[in-house]
Protein chains: 4
Amino acid sequence: MTRIASVQRVAMRHPGDVAAVAALLDTGLDPRSIVAILGKTEGNGCVNDFTRAYAVQALCVMLATRLGSTVDEVAARVAMVMSGGTEGGLSPHFIVVSVSETQVPPTGALAIGTAFTRDFAPEEIGRRAQVEATATAVRAAIDDAAIDDVHYVQVKCPLLTSERIAQARAPVATTDTYASMGLSRGASALGVAVALGEVAGVTDDAIGADTSLYSGVASCSAGVELTRNEVVVFGNSHAWAGDLRIAHAVMQDGIDLPAIHAALRGAGLDPGGGQLAPDQAARLVALLAKAEPSSTGRIRGNRHIMNDDSDINATRHARALVGGVAAAATGCTDLFISGGAEHQGPDGGGPVAVIARR
Amino acid sequence: MTRIASVQRVAMRHPGDVAAVAALLDTGLDPRSIVAILGKTEGNGCVNDFTRAYAVQALCVMLATRLGSTVDEVAARVAMVMSGGTEGGLSPHFIVVSVSETQVPPTGALAIGTAFTRDFAPEEIGRRAQVEATATAVRAAIDDAAIDDVHYVQVKCPLLTSERIAQARAPVATTDTYASMGLSRGASALGVAVALGEVAGVTDDAIGADTSLYSGVASCSAGVELTRNEVVVFGNSHAWAGDLRIAHAVMQDGIDLPAIHAALRGAGLDPGGGQLAPDQAARLVALLAKAEPSSTGRIRGNRHIMNDDSDINATRHARALVGGVAAAATGCTDLFISGGAEHQGPDGGGPVAVIARR
Amino acid sequence: MTRIASVQRVAMRHPGDVAAVAALLDTGLDPRSIVAILGKTEGNGCVNDFTRAYAVQALCVMLATRLGSTVDEVAARVAMVMSGGTEGGLSPHFIVVSVSETQVPPTGALAIGTAFTRDFAPEEIGRRAQVEATATAVRAAIDDAAIDDVHYVQVKCPLLTSERIAQARAPVATTDTYASMGLSRGASALGVAVALGEVAGVTDDAIGADTSLYSGVASCSAGVELTRNEVVVFGNSHAWAGDLRIAHAVMQDGIDLPAIHAALRGAGLDPGGGQLAPDQAARLVALLAKAEPSSTGRIRGNRHIMNDDSDINATRHARALVGGVAAAATGCTDLFISGGAEHQGPDGGGPVAVIARR
Amino acid sequence: MTRIASVQRVAMRHPGDVAAVAALLDTGLDPRSIVAILGKTEGNGCVNDFTRAYAVQALCVMLATRLGSTVDEVAARVAMVMSGGTEGGLSPHFIVVSVSETQVPPTGALAIGTAFTRDFAPEEIGRRAQVEATATAVRAAIDDAAIDDVHYVQVKCPLLTSERIAQARAPVATTDTYASMGLSRGASALGVAVALGEVAGVTDDAIGADTSLYSGVASCSAGVELTRNEVVVFGNSHAWAGDLRIAHAVMQDGIDLPAIHAALRGAGLDPGGGQLAPDQAARLVALLAKAEPSSTGRIRGNRHIMNDDSDINATRHARALVGGVAAAATGCTDLFISGGAEHQGPDGGGPVAVIARR
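What you see is a predicted model, and the numbers here were worked out from it, not measured in a lab.

K.L.:
Would you explain the overall build of chain A in this entry?
P.N.:
Of regular secondary structure, chain A possesses nine helices and 15 strands. Its C-alpha radius of gyration of 19 Å places chain A within 12% of the 21 Å reference for a compact globule of 358 residues. Counting only residues that meet the buried cut, chain A has 64% of its 358 residues in that class. A separation threshold of at least 6 residues defines the contact pool for chain A, and within that pool the share at least 24 residues apart is 81%. As displayed, chain A has an accessible area near 12,000 Å², and 51% of this comes from carbon and sulfur atoms. The averaged location of the 37 negative side-chain charges in chain A is 3 Å from the averaged location of its 28 positive side-chain charges.

In structure tokens, the structure reads:
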């Protein structure tokens, strides 16, 4: 038996609308094959963005009915990664990732590996312990899926809450629960970097501070429901079948169109004079990128106002910008652009991965 | 004597910072030669955006000192066109436009013509009378500057206030003062379209309603301080000298990178594989574009959320998107992307003009 | 058997948190007795506020488990009225309303009546047909519950969608789906006013236009899931038992503290020198009020900026203001202040109802 | 000669509208007598609120013309204290404070004293050196004006910029320029507290951290244009004449109506059953209060969402709330409610001062 990955991108009409995912099941997708659902929902992508939890609840209720299981069982089985914020022209959508087996021989194709760390003690979050456990999990996922080249690593990681801080048996990395999200994402991204040899070693002090250390393939999000890290590694493997392929590049800043072009070309698409023609765009399965405002307040020397805007959060500006640049490259707006890029690409830039059909 | 136009793009650190414009005067620009100053300020670009008036006040105070005149005289002499909103990665900046005379023979170059309509009665605003008077003024400006091909027409137009509505001697187009801004912009844009033969004729009912009627070069803004229309026409003329050249194209939607490429190429710049290389970008003098959300709620079939977002105004999303696409093309973020595009390009799209140095 | 109403106010930690409602069931509340759940959720209360639907989904999933029924059955059985927006100091909470029977003799107490209109044709929404059908339903609910004096009428009403407009067999009141929400709320409020004799008769033209016509007890919200009006009437009845009592007053503007005091006193609470003392506040069961910006742009002659703020929707400012005034009167912040008050109280003001325990 | 203070509250139609201040000059106010102008402008009150600077520029340009001096001379002579944010129902306005001399004998009345600290080194800002210098200046202002009882101390203080941090000869309190505003305000407030004996002594560590230390009369704002602290002390003095009187109280939380009542009564106004009657309100000259979200996330046990809202800054919610409570007490909305209350009143509360006419 050969493994084969499927990735399907479908629209949502609002955060609770899972009809298009249900339609995939109606037309043959086995719900038991689903390993992850990524979603771009239309909330603010910040603290009080409840569109993420609403979408997860709607997905879990629907899948529980289909699987004849409980909502909690679905949540434990499928990695749900909702990213809030469809600023600019971005279009809300789900990306359904599934893995099944086939009789065809391996042809070399997109491969997906998953792994989990152990549960973390509160005092380990945002520290080297989290880095190292994540690195171990990434290596396990790579081995499990026989991935030859890694292009995108989605990590869901825990955060500190007041309750967890109270339970800690040693000082925690921060007592600010919001800041703990960034530290947990950062430590997780550095774990990916260590696993892939992008970074040699990490000290506690570097986490959240040394922006020169980063992974070019990590994409991390923190969620209150977790106590461990969940890792989904996307790469290519000689041992898998199918017509999908993944590639990536690293945007050096928010307007790095050439990097997006490089990722598209790496996945076998030709942006031609700048934007994918419709026949090429039809072969684009998913574009996943990280966006963040540069901490310098500048892009190629010109001032941006993202960090000074008290009406619109800086990450919202950043997603709108990178979404515009990626839409320029692809001619599409249903792109998975997410914010919060600590140690995920260079300051003001970020990884961009492309999955395409041959 | 031959006329020669100068266009200079300078940064601002905040809406009241006119130091960079003052520096142009210090290094030789004659304040009496300035015919217009365009500015992209960092407010919300909507009703309560006071960054526009603040920048105008700061410019007028500074220029009054330099010219030995009053603030009101400066305001009457120089067309001040401030566009609020630097969403995404856009960078606040001024564009200083001046016209002087030179001994060199005409070489063919960027030419700038200005004209004014008569004062409008309140009941004429947003109606055919405004369309026709604007068309007459555009033709006069073209003749005055001997423009061969028109590529960008900036119009400042009045709006209805409660006071003006009370003074009207016939029913006004709308009693909603905010709506009057859109109708005035729309009627002005249709006046440009009529002058240039883009539209054959216009009825009162079509203004603000029939989106199939539009100008591909008009850019209009409404201001409470005006009772007439002020018109600045940008084009190329065989009778002018200098090393500047202008071209334009019409974006069919917010992600129309090929249209931006066409405008760049028309002005003599080569976007190569997608983004201007640094040597080409150094020759870009100004990019001016209109942005607006499509009324269909879709871009190439995919849903956008601009019109449904009650936290961020739809025009802010639109500027962020078009700013990202234009930054992808140019590698720059100090681009004059403005919103409110009634009859200024097709629904969801808009004109884009490029001024470049040879 | 005598009817008895129960009203319980419980906190939520986020829009999906129904634990406090579940705890009421755990401690004896019969889920079959619940007739309505009102909720104040922490979204923006405007178009893209998904906290309302999220809370409804969470309530329905939980109640379906308790009742052994489907989510749809719960939604059909219990009137779910979620009002988004907890600006200023307002505190997110649910108000669970139930009706049961008791052996004790009637003592005179809070009484609750429910009724439904027939389904509306699209062309009836926002028109006299909706006014009249609502009036009939209000009268039926009053009769059913033997209510002597009416103090608060909650109406849920439908809105126009593109689909419904396409199905209409006659011109609809508006083709703007957002505007249809206001017209539907307005027609529903006028239906309440007609039933209670507050307004003599209503023409189609007056709906949404003549602010002098209003109900002093109506509170209306529009929802896409409905095709008919659902009416819940709150009043006092000699035929009911229990220790709850309701009263109301009409705020003439957003800072009408005396009106709130009158409603508190009417329900048997004593605000003393201005604010309920803790023992009085402990007897406050619910305060329900409508808030809206005055269309004049003024409060007692002073300018407010609600209608001109493009960053924060006007209804958000209005809720924050009225929430502050009501908190001043009660010393509490878990108050049900909702926006969108077409024909629900005078321009800039609105009804305020108080339910208190004896 | 006896000193007499004048305080006049006038409306503005937008942040650049100083016509009402000019009208005061036209009707007899001597521009040389103006010592301070406070303004409540309609920006967001946060980082990118340019309405404050715009209003200051407009005031300075107008006053420079009247005084025959330069804009810089006006700025040096008059303390301009603009507070952004008129959320809820608050009304934008200026408060013009002037001091002149009169032949009448002292009657006891509102008195105003001003003083300045020396310039601070960058490393002194937000540290004990700033606390102590501020305390010295407050004492000097009190002595100068022979103030018997202090009720409101307005302090303008500097902040750290990147340039100043680079010039520092010792480590600065913070390298985060935004955070330096809070530390500078906090150190200034503690300086007031030390001068008035509200706090015994202060360590560097307590500044910005120990919320139990605070002044009940301080109101501080940080501005980039300063390098020293400017202090304006408001109190009553036996040695002054006039019909104005000031009093204050400390709100323990954002809904502390009784504290506002106490301040009103202290100044000779009678709130009666809760809200000033029109004849009493006509004698209210100014209400000045501080607002901030409680760091606990709760008000009297109920959750508020101010600190978790990524669309509306927490200080905006707080001003809306306190503005509503103060409007309930006064029946007016042109109230000077400002945010950023570090060490200015207890956590979640703040000082409230009232100036009234006898």
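Next, the rest of the story.
K.L.:
Please clarify how the pattern of salt bridges should be interpreted in this entry.
P.N.:
Side chains bearing opposite charge may pair, as long as their charged atoms lie close to each other. Going through the model one piece at a time under the given rule, you end up with 52 salt bridges over all chains. The salt bridge partner of Arg-316 of chain A is Asp-311 of chain D, with a shortest N-O separation of 3.5 Å. You can see Arg-316 of chain A sitting in helix H9 (residues 314-330) and its partner Asp-311 of chain D sitting in the loop between strand S13 (302-303) and helix H9 (314-330), one on each of two chains. With a relative accessible area of 15%, Asp-311 of chain D lands in the buried category. The salt bridge partner of Arg-357 of chain D is Asp-243 of chain D, with a shortest N-O separation of 3.8 Å.

K.L.:
Which parts of the structure should I look at to understand the interface of chain A and chain B?
P.N.:
Taken together, the contact between chain A and chain B spans 40 residues of the former and 40 residues of the latter. A combined buried area of about 3,000 Å² lies between chain A and chain B, and 52% of that area is made up of carbon and sulfur atoms. The tally of links from chain A across to chain B stands at two salt bridges. For the pair chain A and chain B, the number of links is 16 residue pairs in polar contact (both at pLDDT 80 or more). Where the side of chain A that touches chain B is concerned, the elements lending two or more residues are helix H7 (257-266), strand S13 (302-303) and H9 of chain A.

K.L.:
Explain the relation of the copies chain A and chain B here, please?
P.N.:
Note on the chain copies: they are related by a rotation about an axis and a translation along it. By a simple turn and slide, chain A fits onto chain B: the slide is 0.0 Å along the axis, the RMSD is 0.0 Å, and the turn is 180 degrees. With respect to symmetry, the two chain copies, as superposed, fit the operation of a two-fold axis. Same-surface contact between copies: 100% of interface residues of chain A are shared with the interface of chain B.

K.L.:
Mind showing me how you'd approach the sheet that holds strand S4 (residues 93-102) of chain B here?
P.N.:
Sheet strands line up and pair through hydrogen bonds in the backbone, either parallel or antiparallel. Residue and element names in this part refer to chain B. Strand order in the open sheet formed by five strands is S3-S2-S4-S1-S9, with mixed pairing between adjacent strands. Edge positions in the open sheet fall to strand S3 (79-84) and strand S9 (240-241), since each of these has one partner strand only. As judged from the ten bridges shared by strand S1 (residues 2-11) and S4, these two strands associate in the antiparallel manner. Bridge pairing in S4 links Arg-9 to Ile-95. Sheet strands touched by helix H2 (residues 51-67): strand S2 (34-41), S3 and S4. Its angle to S3, the strand with the most contacts, is close to 150 degrees.

K.L.:
Please clarify how unusual backbone geometry should be interpreted in this entry.
P.N.:
Most of the time, phi is negative for any residue but glycine, and the peptide bond is trans. Residues other than glycine seldom take positive phi values, yet Arg-300 of chain C does so here, at roughly 50 degrees. On the secondary structure map, Arg-300 of chain C appears in the loop between strand S12 (298-299) and strand S13 (302-303). The class of Arg-300 of chain C is partly exposed, set by a relative accessible area of 42%. In the Ramachandran plot, His-343 of chain D falls in the positive-phi region, its phi being about 60 degrees despite a non-glycine side chain.

K.L.:
Which parts of the structure should I look at to understand the sheet that holds strand S1 (residues 2-11) of chain A?
P.N.:
Residues and elements named next belong to chain A. Strand order in the open sheet formed by five strands is S3-S2-S4-S1-S9, with mixed pairing between adjacent strands. Edge strands, defined here as strands with exactly one partner in the open sheet, are strand S3 (79-84) and strand S9 (240-241). Pairing between strand S2 (residues 34-41) and strand S4 (residues 93-102): six bridges, direction antiparallel. In the sheet register, Ile-34 faces S4, and the bridge partner there is Ser-98. Along the sheet face, helix H1 (residues 19-26) touches S1, S2 and S4 and points at about 140 degrees away from the line of S1.

K.L.:
Honestly, the packing of helix H1 (residues 19-26) of chain D against helix H2 (residues 51-67) of chain D in this entry has me stumped. Any pointers?
P.N.:
Two quantities define a packed helix pair, namely the angle between the helix axes and the distance between the axes. Residue and element names in this part refer to chain D. Between H1 and H2, whose axes approach to 10 Å, the crossing angle comes to 20 degrees. In terms of orientation, H1 and H2 fall into the roughly parallel class. H2 is crossed by H1, and the crossing has right-handed handedness. Every residue of H2 that contacts H1 at Val-21, Ala-22, Leu-25 and Asp-26 is listed here: Leu-59, Met-62, Leu-63 and Arg-66. Each residue belonging to the contact of H1 with H2 can be placed in one class, and the counts come to six nonpolar, no polar and two charged.

K.L.:
When you look at the UniProt feature "active site" (unreviewed entry) in chain A in this model, what are you seeing that I'm missing?
P.N.:
All names here are of chain A. Residues given the UniProt feature "active site" (unreviewed entry) here are Lys-156 and Ser-221. The annotated residues occupy 66 residues of the chain but converge on a single region, no pair of C-alpha atoms lying more than 5.0 Å apart. Leaving out residues up to four positions away in the same chain, Lys-156 has contacts with Met-80, Val-81, Ser-221, Glu-225, Leu-226, Arg-228, Asn-229 and Glu-230.

K.L.:
Could you clarify how one ought to interpret helix H4 (residues 128-145) of chain B in this entry?
P.N.:
Since the α-helix turns once every 3.6 residues, residues separated by three or four places project in the same direction. All names here are of chain B. Its 18 residues place the ends of H4 26 Å apart at the C-alpha level, agreeing with the 26 Å of an ideal helix rising 1.5 Å per residue. Within H4 the residues assigned to the buried category are Gln-130, Val-131, Ala-133, Thr-134, Ala-135, Ala-137, Val-138, Ala-141, Ile-142 and Ala-145. One or two steps after H4, the chain reaches Ala-146, where phi turns positive at roughly 55 degrees.

K.L.:
How should the domain arrangement of chain A be read in this particular structure?
P.N.:
Size of an interface, as often reported, equals the accessible area lost when the parts are brought together. All names here are of chain A. The domain boundaries assigned to chain A delineate domain 1 (2-102), domain 2 (109-234) and domain 3 (243-357). Each of domain 1 and domain 3 was reduced to a C-alpha centroid, and the two centroids are 22 Å apart. In this assembly, 22 residues from domain 1 lie in contact with 20 residues from domain 3. Both sides together, the interface formed by domain 1 and domain 3 hides about 1,600 Å², and carbon and sulfur atoms give 60% of it. Counting every contact that joins domain 1 to domain 3 gives three salt bridges.

K.L.:
Explanation requested: the relation of the copies chain D and chain B in the structure shown.
P.N.:
Of the transformation superimposing chain D on chain B, the axial component is 0.0 Å and the angular component is 180 degrees, with the fit at an RMSD of 0.0 Å. Of all interface residues in chain D, 100% are interface residues in chain B too; the two copies therefore contact each other through one and the same surface.

K.L.:
Which parts of the structure should I look at to understand the packing of aromatic side chains?
P.N.:
Pairs of aromatic rings are described using the distance from one ring centre to the other and the angle between the two planes. This model, assessed by the stated rule, comprises six aromatic pairs over all chains. On the numbers, 5.6 Å between centres and 70 degrees between planes, the contact of Tyr-152 of chain C with Phe-234 of chain C is edge-to-face. Pair noted here: Tyr-152 of chain C is in strand S6 (residues 149-157) and Phe-234 of chain C is in strand S8 (residues 230-237), with a separation of 82 residues, a long-range link. As far as the burial class goes, Tyr-152 of chain C and Phe-234 of chain C line up, both buried. The ring of Phe-116 of chain B carries Arg-228 of chain B above its face, with NZ or CZ at 3.9 Å from the centroid.

K.L.:
Explain the pairing of strand S14 (residues 336-339) of chain C to me, please; I cannot follow it from the model alone.
P.N.:
Successive residues of a regular strand alternate their side chains across the two faces of the sheet. Residue and element names in this part refer to chain C. What you see with S14 is no split at all: Phe-336 and Ser-338 on one side and Ile-337 and Gly-339 on the other are buried throughout. Summarising the sheet, strand S11 (residues 284-291) and S14 pair through four bridges and their orientation is parallel. By the bridge assignment for S14, Lys-290 is matched with Ser-338.

K.L.:
When you look at the side chain of Glu-87 of chain B in this model, what are you seeing that I'm missing?
P.N.:
Tracing the chain through its elements places Glu-87 of chain B in the loop between S3 and S4. At 2.8 Å, the side chain of Glu-87 of chain B forms a polar contact with the side chain of Arg-316 of chain B. Apart from the residues lying within four places of it in its own chain, the contact partners of Glu-87 of chain B are His-317 of chain A together with Gly-43, Asn-44, Arg-316, Arg-319 and Ala-320 of chain B.

K.L.:
In this structure, what is going on with the environment of Val-217 of chain D? I would like to understand it.
P.N.:
Within the secondary structure, Val-217 of chain D sits in the loop between helix H6 (177-195) and strand S7 (218-222). Setting aside chain neighbours within four positions, we find Val-217 of chain D in contact with Val-150, His-151, Tyr-152, Val-153, Val-192, Leu-196, Glu-198, His-248 and Pro-351 of chain D.

K.L.:
Looking at this model, I keep getting lost on the interface of chain D and chain B. Mind explaining?
P.N.:
Listed per partner, the contact involves eleven residues of chain D and eleven residues of chain B. Looking at the side of chain D facing chain B, the largest losses of area belong to Phe-50, Tyr-54 and Gln-57 of chain D, adding up to 58% of the total buried there. Between chain D and chain B we count zero salt bridges in total. In this assembly, chain D and chain B are joined by one residue pair in polar contact (both at pLDDT 80 or more). Of the residues contributing to the side of chain D that touches chain B, the split by class is six nonpolar, three polar and two charged.

K.L.:
Mind showing me how you'd approach the UniProt feature "site: Important for substrate specificity" (unreviewed entry) in chain A here?
P.N.:
The sites that carry the UniProt feature "site: Important for substrate specificity" (unreviewed entry) are, in the present numbering, Thr-315 of chain A. Structurally, Thr-315 of chain A can be placed in helix H9.

K.L.:
What exactly am I supposed to notice about helix H7 (residues 257-266) of chain C here?
P.N.:
Every buried residue of H7 of chain C is accounted for by Leu-257, Ala-259, Ile-260, His-261, Ala-263 and Leu-264 of chain C. Where H7 of chain C is buried, its residues touch strand S10 (244-251), S11, helix H9 (314-330) and strand S15 (350-357) of chain C together with H9 of chain D. In the stretch just after H7 of chain C, Gly-268 of chain C is the one whose phi turns positive, near 95 degrees.

The rules behind the values
Residues numbered from 1 in each chain as written. Chains lettered and ligands numbered in written order. Predicted model: local features only at pLDDT ≥ 70, side-chain atom pairs only at ≥ 80, totals over all residues. Heavy atoms only, no water. Helix = DSSP H or I, 4+ residues; strand = E, 2+ residues; numbered from the N terminus. Rg over C-alpha atoms; globule rule 2.2 N^0.38 Å. Buried < 20%, exposed > 50% of the residue type's maximum accessible area, 1.4 Å probe, protein only. Contact = heavy atoms within 4.5 Å. Areas by Shrake-Rupley, 256 points an atom, 1.4 Å probe, with all protein chains shown as cover. Lys, Arg positive; Asp, Glu negative; His and termini not counted. Charge placed at Lys NZ, Arg CZ, Asp CG, Glu CD. Salt bridge = Lys/Arg side-chain N within 4 Å of Asp/Glu carboxyl O. Buried area = accessible area lost by both parts, 1.4 Å probe. Polar contact = N/O pair within 3.5 Å; in protein donor to acceptor, adjacent residues only side chain to side chain. Least-squares fit on C-alpha atoms with pLDDT ≥ 70 in both. Pairing = 2+ DSSP bridges. Axes fitted to C-alpha atoms, helices over the stretch in contact; angles between N-to-C directions. Parallel < 35°, antiparallel > 145°, perpendicular 65-115°, else oblique. Left-handed = near helix turned anticlockwise from the far one by under 90°. Nonpolar A, V, L, I, M, F, W, Y, C, P; charged D, E, K, R; others polar. UniProt positions renumbered as here; feature names shortened; annotations may be inferred. Expected span 1.5 Å × (residues − 1). Domains from an automatic or database assignment. Phe/Tyr/Trp six-rings, centres within 6.5 Å; stacked < 30°, edge-to-face > 60°. Lys NZ or Arg CZ within 6 Å of the ring centre and 35° of its normal.

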